[in-house]
Amino acid sequence: NAGVTQTPKFQVLKTGQSMTLQCAQDMNHEYMSWYRQDPGMGLRLIHYSVGAGITDQGEVPNGYNVSRSTTEDFPLRLLSAAPSQTSVYFCASSYSRFYSSPLHFGNGTRLTVT
Amino acid sequence: ILNVEQSPQSLHVQEGDSTNFTCSFPSSNFYALHWYRWETAKSPEALFVMTLNGDEKKKGRISATLNTKEGYSYLYIKGSQPEDSATYLCAFNAGNNRKLIWGLGTSLAVNP
């Protein structure tokens, strides 16, 4: 049982480049989400999904796109990377969309935009 | 504006000490309170999800209580061990939105 698998672990981008952070879960979880972690700030929600075909914005969605074509996968796309997007990104999933069950986190992606 | 406060910000204890931290959250529209343990260079790992006023949960030497009427939760660690060193995060959901509001965490260091 792999849980939440997130790739890559590290990435360096130049300003203006695009990339996709991959997230997959094998627990048949309904809810999936992307967070970013910056020094001195709490985890901030970028986008989330409550099921295949359904996505919504979190607190800091600008500059990021998501899609949920299957229950298992929830990729995060950076269309034109900016230095302000340098951060550690976590994908997290949960059985329940209503936060009555715990989040399971991936191992994180450390992204640097130069 | 919904806000979650955790205190203290950091804590240093000796091996064998018992310790506790606080998570404060808005007392209106409570739905769920989460506790996570986050070790350096790893990802957050769920400890407890609490949904009822008066809830008490326990996992080994770690336990948590919940008071939704006054808006706080305590996390207790009995007989701290060096492997308990981590940041402990709490997160609150008001139920009327689909977002968890996260605290900044309490960083615990247990000296052997």
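For the structure itself, look to the data block above.
Please read all numbers here as calculations on a predicted model, not as lab measurements.

Describe the overall build of chain A, listing the residues and the values that go with them.
Assigned secondary structure in chain A consists of zero helices and 11 strands. Beginning at the N terminus, the succession of helices and strands in chain A can be written as β-β-β-β-β-β-β-β-β-β-β. For chain A, whose C-alpha radius of gyration is 13 Å, the value lies close to the compact-globule estimate of 13 Å for 114 residues. Its C-alpha atoms give chain A principal-axis dimensions of roughly 35 × 30 × 25 Å. By residue count, 50% of the 114 residues in chain A fall in the buried class. A separation of at least 24 residues holds for 54% of the contacts in chain A among residues at least 6 apart in sequence. Accessible surface, chain A as shown: approximately 5,200 Å² in total, 50% of it carbon and sulfur.

Requested: an account of the interface of chain B and chain A, with residues and values cited.
The interface of chain B with chain A comprises 18 residues on the first partner and 23 residues on the second. In total, chain B and chain A occlude about 1,700 Å² of area from one another, counting both sides; carbon and sulfur atoms represent 66% of this. Taken together, chain B and chain A are joined by zero salt bridges. Our enumeration of links across chain B and chain A arrives at three residue pairs in polar contact (both at pLDDT 80 or more).

Any details on the pattern of salt bridges? Residues and values, ideally.
The final tally for this structure, using the stated rule, is five salt bridges over all chains. In this structure, R37 of chain B and E39 of chain B form a salt bridge, with 3.1 Å as the shortest nitrogen-oxygen distance. In this structure, E39 of chain B engages K42 of chain B in a salt bridge whose closest nitrogen and oxygen atoms are separated by 3.9 Å. Classification of E39 of chain B by relative accessible area gives partly exposed; the value is 24%. Connected through shared salt-bridge partners, R36, D38 and R44 of chain A make up one network.

Break down the side chain of S96 of chain A for me, citing the residues and quoting the values.
All names here are of chain A. Here S96 is to be found in the loop between strand 9 (87–94) and strand 10 (104–105). Residue S96 is classed as buried on the basis of its relative accessible area, which comes to 11%. Non-local contacts of S96, meaning those with residues more than four positions away in its chain, are made with E30, Y31 and S101.

Could you give me a rundown of the packing of aromatic side chains, with the residues and numbers involved?
Applying the stated criterion to the full structure yields 15 aromatic pairs over all chains. Between F90 of chain A and W38 of chain B the ring centres are 5.3 Å apart and the planes differ by 80 degrees, which places this aromatic pair in the edge-to-face class. Of this pair, F90 of chain A sits in strand 9 while W38 of chain B sits in strand 4 (residues 32–38), on two different chains. Overall, the relative accessible area of 3% leaves F90 of chain A in the buried class. Considering the side-chain rings of F25 of chain B and F30 of chain B, the 5.4 Å spacing of their centres and the 35 degrees angle between planes classify their relative orientation as tilted. Three or more aromatic residues joined by ring pairs form one cluster here, namely Y35, F90 and F105 of chain A together with Y36, W38 and W102 of chain B.

Give me the sheet that holds strand 8 (residues 76–78) of chain A: which residues, what numbers.
All names here are of chain A. Read from one edge of the open sheet, four strands run 1-3-8-7, paired in antiparallel fashion. Bordering the open sheet on either side are strand 1 (4–7) and strand 7 (64–66), each of which pairs with just one other strand. Averaged over all neighbouring strand pairs, the angle between strand axes comes to 20 degrees, with direction disregarded. When strand 7 meets strand 8, the two strands line up antiparallel, connected through three bridges. Paired with N65 across the bridge in strand 8 is R77.

Would you mind going over the side chain of H29 of chain A in detail, with residue names and values included?
Residues and elements named next belong to chain A. If you trace the backbone, H29 turns up in the loop between strand 3 (19–25) and strand 4 (31–37). Residue classification places H29 among the buried residues on the basis of a relative accessible area of 6%. In terms of polar contacts, H29 uses its side chain to reach the backbone amide nitrogen of S94, at 3.4 Å. Ignoring anything within four residues of it in the chain, the contact list for H29 reads R68, T71, S93, S94, Y95 and H104.

Criteria and cut-off values
- Residues numbered from 1 in each chain as written.
- Chains lettered and ligands numbered in written order.
- Predicted model: local features only at pLDDT ≥ 70, side-chain atom pairs only at ≥ 80, totals over all residues.
- Heavy atoms only, no water.
- Helix = DSSP H or I, 4+ residues; strand = E, 2+ residues; numbered from the N terminus.
- Rg over C-alpha atoms; globule rule 2.2 N^0.38 Å.
- Buried < 20%, exposed > 50% of the residue type's maximum accessible area, 1.4 Å probe, protein only.
- Contact = heavy atoms within 4.5 Å.
- Areas by Shrake-Rupley, 256 points an atom, 1.4 Å probe, with all protein chains shown as cover.
- Buried area = accessible area lost by both parts, 1.4 Å probe.
- Salt bridge = Lys/Arg side-chain N within 4 Å of Asp/Glu carboxyl O.
- Polar contact = N/O pair within 3.5 Å; in protein donor to acceptor, adjacent residues only side chain to side chain.
- Phe/Tyr/Trp six-rings, centres within 6.5 Å; stacked < 30°, edge-to-face > 60°.
- Pairing = 2+ DSSP bridges.
- Axes fitted to C-alpha atoms, helices over the stretch in contact; angles between N-to-C directions.

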